[in-house]
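# An overview of the molecular structure
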Amino acid sequence: MTHDPKTHNGTATDAGHPTRGASTTAVHGKDARRDEPYHALTTPILQSATFTFRDSDDVADYMARKYRGDGAGEREEYGRYGNPTVVEVERKLAALDGGEAAVLYPSGMAAVSSALLTMLSPGAHVVIGDDIYRHTYEFCTTFLKRFGVETTVVPMGDYDALEAAIIPRKTRLIVSESPTNPYGRVVDLVRLAEIGKRQRVRTFVDSTFATPVNQRPLEFGIDFVMHSATKFLAGHNDLLAGVVIGRADRMAALRESRGLLGGIVDPGAAYLLDRGLKTLGVRVRQQNESALALARFLEGHPAIERVWYPGLESHPEHAIARAQMSGFGGVVTFIVRGDRARTSAFIDRLRIPYIAPSLGGVESLIQQPALMSHFDLTPEERLAQGVPDNLVRFSTGIEDTADLLADFEQALAGG
Ligand SMILES: *Cc1c(COP(=O)(O)O)cnc(C)c1O
């Protein structure tokens, strides 16, 4: 499928409605008009662990259709296999990313681990980028290893190394991420998809930092897109969820394994996710705008050593980001001039952002990885992993841009 970034900004199409934008899809899902129970406008929380049958003939009819493979899935049987509230949100998420189907999980890591365990078996080989989410990295390199799955780590952005790492008939999956955490590295999705297709290896992209408002990897030929829905998709720092989106037959396999592994999201969390999604378009546009303004401000500030944001011309992959993204997301990473204590003092002077891990919600969050995610390492080990002590990651919320800029200005001046 060809991609025209010009039609992407706010008018990104979805599989169901070729003319609809991401915001419309995020509000309505695929069908704005349909008969809901009790004529409710909102999606009901179907708080039921199991689903009943009228009589034994109803059971027999359902089972016969289920095992023939036709028509099952139009009703639910037991909560671990599916739930109508969950299904509703899955349809919306699939439409947003332009995929045929989605499978929702109780966290982003449940989505990664369940999907990879389903797709891989002993003797298989996976290629991952060196800059992917820390726990996805750990899951591949240590957990999957125990089950006889080997992983090769390749430097982000080195497509020759990526292709060279593929072992014919053994490599099953390339796992990548774009943009990455914390440096916002951007993968050329067209190139990644081409390598996958040429080598007959499936491609899996964690698109959490982008959201389907800014980037839709399936349109570039990527096979699977994954999000930690905990972040921008839910958007309110009040739930955990994860999702994998792709071709219907492949998602059917994930749905089946989810029933076995047991990691299904609660209908209450699915409802909150659906509610959060309704404002995805406006939230992400505001976050794009504030993050870009902040990144530019920080880049010109004498107290800041360096800024990484894919929307800045100085970012090493800015050109790729421009070609495949319509906005550059809400995460800005930077290095403060000075040591670890000076950096902490700057963070402590900020009035608006909370100090917390996570990202993508309405509240701005800030963290110094040396004190949090990378605390257990020595300063030298941190540096070797590309995490200096004066590194800061800022996740833009939806506060007024001017207030965020003023807050940063006063906190930097106070040093
Ligand atoms: C947070 C995050 C995850 C893990 O998601 P959880 O919902 O916390 O399990 C995976 N990938 C990225 C890029 C993330 O930011």
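These notes cover the structure that comes with them.

## Focus on the environment of L96
With respect to the helices and strands, L96 occurs in helix α3 (residues 84-96). Residue class for L96 comes out buried when judged on its relative accessible area of 1%. Measuring from C-alpha to C-alpha, the distance between L96 and A22 comes to 6.1 Å, with 74 residues separating the pair along the chain. Beyond its immediate sequence surroundings of up to four residues, L96 is in contact with A22, T25, A26, P212, R216, L277 and L280.

## Some details on the site of the ligand
Taken together, the neighbourhood of the ligand is formed by S107, G108, M109, Y133, E177, D206, T208, F209, S228, T230, K231 and A241. Between G108 and the ligand, the recorded distance is 2.8 Å, taken from a backbone N or O atom to an oxygen atom. Measuring from an oxygen atom of the ligand, one finds a backbone N or O atom of M109 at 2.8 Å. In isolation the ligand exposes 380 Å². Once the protein is present, 92% of that is buried. Taken together, the residues of the shell around the ligand sort by class into four nonpolar, five polar and three charged.

## Focus on the sheet that holds strand β3 (residues 150-154)
Within a sheet, adjacent strands bond to each other through the backbone by hydrogen bonds, running parallel or antiparallel. Spatial ordering of the open sheet is given by β1-β7-β6-β5-β4-β2-β3, a layout of seven strands whose pairing is mixed. Pairing within the sheet leaves two strands with one partner each, and these edge strands are β1 (101-105) and β3. Adjacent strand axes in the sheet meet at a mean angle of 20° when their direction is disregarded. Of the pairings in the sheet, the one linking strand β5 (residues 202-206) to strand β6 (residues 224-228) comprises three bridges and is parallel in character. Along β6, the bridge assignment pairs D206 with M226. The strands that helix α9 (residues 248-261) touches are β1, β5, β6 and β7 (242-246); relative to β1, the one it contacts most, it runs at about 25°.

## Considering the packing of aromatic side chains
Considering all chains together, one arrives at 10 aromatic pairs under this definition. The interplanar angle of 65° and the centroid separation of 5.9 Å between the aromatic rings of Y78 and Y81 together place this pair among those described as edge-to-face. Look at Y183 and W308: their rings are 4.6 Å apart centre to centre, the planes differ by 65°, and that puts the pair in the edge-to-face class. Here Y183, found in the loop between β4 (171-177) and α7 (189-198), pairs with W308, found in strand β8 (residues 304-308); they are 125 residues apart in sequence, far enough to count as distant.

Reading guide: rules and limits
- Residues numbered from 1 in each chain as written.
- Predicted model: local features only at pLDDT ≥ 70, side-chain atom pairs only at ≥ 80, totals over all residues.
- Heavy atoms only, no water.
- Helix = DSSP H or I, 4+ residues; strand = E, 2+ residues; numbered from the N terminus.
- Buried < 20%, exposed > 50% of the residue type's maximum accessible area, 1.4 Å probe, protein only.
- Contact = heavy atoms within 4.5 Å.
- Near = heavy atom within 4 Å.
- Polar contact = N/O pair within 3.5 Å; in protein donor to acceptor, adjacent residues only side chain to side chain.
- Areas by Shrake-Rupley, 256 points an atom, 1.4 Å probe, with all protein chains shown as cover.
- Nonpolar A, V, L, I, M, F, W, Y, C, P; charged D, E, K, R; others polar.
- Pairing = 2+ DSSP bridges.
- Axes fitted to C-alpha atoms, helices over the stretch in contact; angles between N-to-C directions.
- Phe/Tyr/Trp six-rings, centres within 6.5 Å; stacked < 30°, edge-to-face > 60°.

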